[in-house]
Amino acid sequence: MFPSQEKIMIKRRLQIGFSILSSDFSSLGTELKKYEKIVDFIHMDIMDGNFVPNLTFGPPLIDSLRRRTKLLFEAHLMVANPVAQWKWYAPSCERIIFHIETVKNPLGFIKIIKAKEKGVSLNPSTPVSEVRKLLEYADVALLMAVPPGFAGQKFDERVLRKIDYLRKYINVNKLKCRISVDGGINGTTAARCISSGADIIITSSWFSSGGAAGKMKKLRSL
Ligand code: DX5
Ligand code: ZN
């Protein structure tokens, strides 16, 4: 007897990354210790005041934080020139992610990044089809659910169709790339992203507003 054609649901292990963007910058070392116990990795929002209308931090701060925790650091490069700058983050960040909108030859660029893991990010208005050719070389596709630049913005629902599209594309082509969603995450939007096929969720203001451990537990049970 052949097994029936029941759908076999493969439960992927959800990963949660915490962005320090909404944290109190005067006590980041202590913050990291607090989150070390509950999240899977730390997401570093690097902004240059050029690609995005905001400025955050760079290598000196990340290098100092690197000494405080063993958690994986993910560099989300919201900078106009990642080709020149990615190396600045290679010593401290195991995963380096650039924006497809900032590079003329993204396929050539992703192949030369030397990091344990690498990824590509897409703005909400960038069509998901643009990233297809890169997926073979990417460990992560980071889909923005808000325009990059600030924490605390409203979740853009258009990302759900992108997640669904990528999930199918990745599964059909048996790729290892994971789908990550960044911006506007809370309990409700996280659940929608996960059921659309996301593997990774990034949050900043939702956790920073309090009760992160409980929220985390809820996410894990989804
Ligand atoms: C936005 C950043 C996000 C941001 C998310 O430019 O890339 O990582 O920190 O913040 P929340 O979770 O508040 O939308
Ligand atoms: Zn980010």
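Everything below is about the structure shown above.
Reference entry: report on the structure contained in this document. Given the structure is predicted, the values throughout are model-derived calculations rather than measurements.

**Focus on the site of ligand 1**
Ligand 1 sits among 19 residues. The nearest are D45, G149, G152, D182 and S205. Here D182 contributes a side-chain N or O atom positioned 2.6 Å from an oxygen atom of ligand 1. The contact in question runs from an oxygen atom of ligand 1 to an N or O atom on the backbone of G184, over 2.8 Å. Look at ligand 1: alone it shows 380 Å² of surface, and the protein chains cover 100% of it. Those elements that place two or more of their residues in the shell around ligand 1 are β2 (41-47) and β3 (72-78). Looking at the shell around ligand 1 element by element, the count peaks at 3 residues for β2. Of the residues in the shell around ligand 1, the class split is 7 nonpolar, 10 polar and 2 charged.

**A closer look at the pattern of salt bridges**
Scanning all chains against the criterion turns up 13 salt bridges. One salt bridge connects R13 with D40, and the closest N-O pair in it is separated by 3.1 Å. Pair noted here: R13 is in the segment before β1 (15-19) and D40 is in the loop between α1 (28-36) and β2, with a separation of 27 residues, a long-range link. Look at R13 and you get exposed, because its relative accessible area is 55%. In this structure, the salt-bridge partner of R167 is D199, at a minimum N-O distance of 3.1 Å. With R167 in helix α5 (residues 158-172) and D199 in the loop between α6 (187-196) and β8 (200-203), the pair connects residues that are 32 residues apart, well separated along the chain.

**Description of the sheet that holds β1**
In spatial order, the strands read β1-β2-β3-β4-β5-β6-β7-β8; together these 8 strands close into a barrel with parallel pairing. Recorded for the sheet is a direction-independent mean angle of 25 degrees between the axes of neighbouring strands. Sheet topology note: the strand β7 (residues 178-182)/β8 ladder contains 3 bridges and is parallel. From the neighbouring strand, S180 faces β8, where its bridge partner is I200.

**Overview of the environment of W88**
Along the chain, W88 turns up in helix α3 (residues 82-89). You can call W88 partly exposed: its relative accessible area is 44%. For W88 and G58, which are 30 residues apart along the polypeptide, the C-alpha to C-alpha distance reads 8.3 Å.

**Some details on the pairing of β2**
Burial within β2 is extensive, with 7 of its 7 residues counted as buried. By the alternation rule, side chains of β2 split into F41, H43, D45 and M47 and I42, M44 and I46, which are all buried. Handedness of the crossover joining β1 and β2 through α1 is recorded here as right-handed. By the bridge criterion, 7 bridges tie β2 to β3 in an arrangement that is parallel. Paired with I46 across the two strands is L77, which belongs to β3.

Rules and cut-offs
Residues numbered from 1 in each chain as written. Chains lettered and ligands numbered in written order. Predicted model: local features only at pLDDT ≥ 70, side-chain atom pairs only at ≥ 80, totals over all residues. Heavy atoms only, no water. Near = heavy atom within 4 Å. Polar contact = N/O pair within 3.5 Å; in protein donor to acceptor, adjacent residues only side chain to side chain. Areas by Shrake-Rupley, 256 points an atom, 1.4 Å probe, with all protein chains shown as cover. Helix = DSSP H or I, 4+ residues; strand = E, 2+ residues; numbered from the N terminus. Nonpolar A, V, L, I, M, F, W, Y, C, P; charged D, E, K, R; others polar. Salt bridge = Lys/Arg side-chain N within 4 Å of Asp/Glu carboxyl O. Buried < 20%, exposed > 50% of the residue type's maximum accessible area, 1.4 Å probe, protein only. Pairing = 2+ DSSP bridges. Axes fitted to C-alpha atoms, helices over the stretch in contact; angles between N-to-C directions. Right-handed = clockwise from strand over helix to strand, strands pointing away.

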